[in-house]
Each structure stands twice: as C-alpha cells, then as structure tokens.
Amino acid sequence: DTEVTQTPKHLVMGMTNKKSLKCEQHMGHRAMYWYKQKAKKPPELMFVYSYEKLSINESVPSRFSPECPNSSLLNLHLHALQPEDSALYLCASSRDVIREQYFGPGTRLTVT
Amino acid sequence: GENVEQHPSTLSVQEGDSAVIKCTYSDSASNYFPWYKQELGKGPQLIIDIRSNVGEKKDQRIAVTLNKTAKHFSLHITETQPEDSAVYFCAAITNAGKSTFGDGTTLTVKP
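Residues numbered from 1 in each chain as written. Chains lettered and ligands numbered in written order. Predicted model: local features only at pLDDT ≥ 70, side-chain atom pairs only at ≥ 80, totals over all residues. Heavy atoms only, no water.

Caption draft 1: Examining the sheet that holds strand 8 (residues 73-79) of chain A more closely. Residues and elements named next belong to chain A. Overall, antiparallel pairing links the four strands, which are arranged 1-3-8-7 in an open sheet. Edge positions in the open sheet fall to strand 1 (4-7) and strand 7 (64-70), since each of these has one partner strand only. Neighbour-to-neighbour, the strand axes of the sheet open up by a mean angle of 20°, direction not taken into account. (Pairing = 2+ DSSP bridges. Helix = DSSP H or I, 4+ residues; strand = E, 2+ residues; numbered from the N terminus. Axes fitted to C-alpha atoms, helices over the stretch in contact; angles between N-to-C directions.)

Listed below in structure tokens is the structure:
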C-alpha cells in the first residue's frame, strides 16, 4: 500500500463549527505532515510529526490543532476558523523527515 | 528562513521539445531538493529528487541538476508529451524536515 488517504474530500463549515480532518497511511512511515495550499499557490508547511511527536509548528494559529494518535494516523482539529482559512489541506508522509514525501489528495475546506 | 525562487512561472512548449525549470534557494541548511508535479484536483506527486551530495540525477526523460555552491537546482524534461502538462513545484528541505516550496511553474505541452 503506497497511498496516503484523506477524509473528507470536501468540507464546508461555519465559523463556529468544530470539525476534524483525517489522514492515514500504512507504509510504515514515521514522519507525517500537514500543508495548506491556496489556489494557484504552493503548499505551505503547517506541522511536522516525527515518531508521533510534534517537531515543527510553523507558527500556525491555535484554531488549528494537530494530533497524531499513532504512527498511521494524523488528524487536524479545526475550531473557530475564518473565511481566509478556506484552502486545500494536504497531508503527506515519509519514511523519516529527510526522505521523499508522499502526498494525499487533500481536503478542500470552505469556511462560510 | 528559507526562500525558494522558481522560474519561469509559465512555460509553453511543443510536444517533443525540452522544458527546463530553475530554482534557487537561500538557506545552506537545505540539503534535499524534490520536484513535484501537481495535476488539477490532485495532491503533489514526487517525480524526482536530489540530495546535496549529488550533482545530477536522471530518470528516463527527467533529470535534475544541483549546484550547491550557487544554490541553484534545475529540472529538465526531454521529449515532452501532452500528459506532462501540469504545475511543477521545486522544494528545499532541511534535515529537520522543514520544507519550502517554489511558487510553481505551469507547463503546457502543445500537441
């Protein structure tokens, strides 16, 4: 299995909602990542987990809360988002932080 | 922090021609340089990568070169095909896994 899966594919949420994005991989990778990608822009790194520990937080607002329950799963909890947070949220994984990253298809998030 | 500049932003070539995309980076701590292809509605897909201890790498029609002294790296695609049309991103990654992407190049291959 060489795939990173993300659910849901699309999500529409209001500014007062709480929702979660999920990412899963079964490649035995020990590094997992969250990226944010706005239209016609490159992916921007948000968080890096290495061996289930948060190793990089790129000064992301606290309304985004990552969680890595085990080596195969990565969640991104969302609360009190703003319309400008609407974007494609990409998850990636790699064998370790200096190895090639495999991206999932992303979750298209719209905040109304 | 790291700054990655990518040129050109758009590139149009005839099928069968070559395409070259160039990137420069600023942070000497970056030592891994992947290239990604992103098609509409999909996540980025790794197409080739190079590490700082290597000057060139080739995989069939795709090659990457790295000049660590000048902090330049380039993607070369030969014998382009319409299915090569996509957005291409370069990236620079440190040992800690901190990645910075270039702004992307939209490649159009005309049949």
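Caption draft 2: How the structure looks around the confidence of the model for chain A. Confidence in the prediction of chain A, expressed as mean pLDDT, is 95, and 98% of residues score 70 or more. Per-residue pLDDT, averaged within each element of chain A, yields its smallest value for strand 6 (residues 53-57) of chain A (95) and its largest for strand 1 of chain A (98). (pLDDT = per-residue confidence, 0-100.)

Caption draft 3: Here's a closer look at the state of the cysteines. Residue and element names in this part refer to chain A. Counting across every chain of the model gives two disulfides over all chains. For the unlinked cysteine Cys 68, the closest cysteine sulfur is that of Cys 23, found at 9.2 Å. We classify Cys 68 as buried; its relative accessible area is 13%. (Disulfide = S-S within 2.5 Å. Buried < 20%, exposed > 50% of the residue type's maximum accessible area, 1.4 Å probe, protein only.)

Caption draft 4: Empty space enclosed by the protein, seen in detail. Residues and elements named next belong to chain A. Tallying each qualifying case throughout the model produces one cavity of 30 Å³ or more. Of the volumes computed, that of the largest cavity is approximately 40 Å³. Lining the largest cavity are His 29, Arg 30, Ala 31, Met 32, Tyr 49, Glu 52, Cys 68 and Ser 71. Taken together, the residues of the lining of the largest cavity sort by class into four nonpolar, two polar and two charged. (1 Å grid on protein atoms, 1.4 Å probe; cavity = no way out; pocket = protein on both sides within 12 Å on 5 of 7 lines; lining within 4 Å. Points joined across faces, edges and corners; volume = space filled by probe spheres on them. Nonpolar A, V, L, I, M, F, W, Y, C, P; charged D, E, K, R; others polar.)

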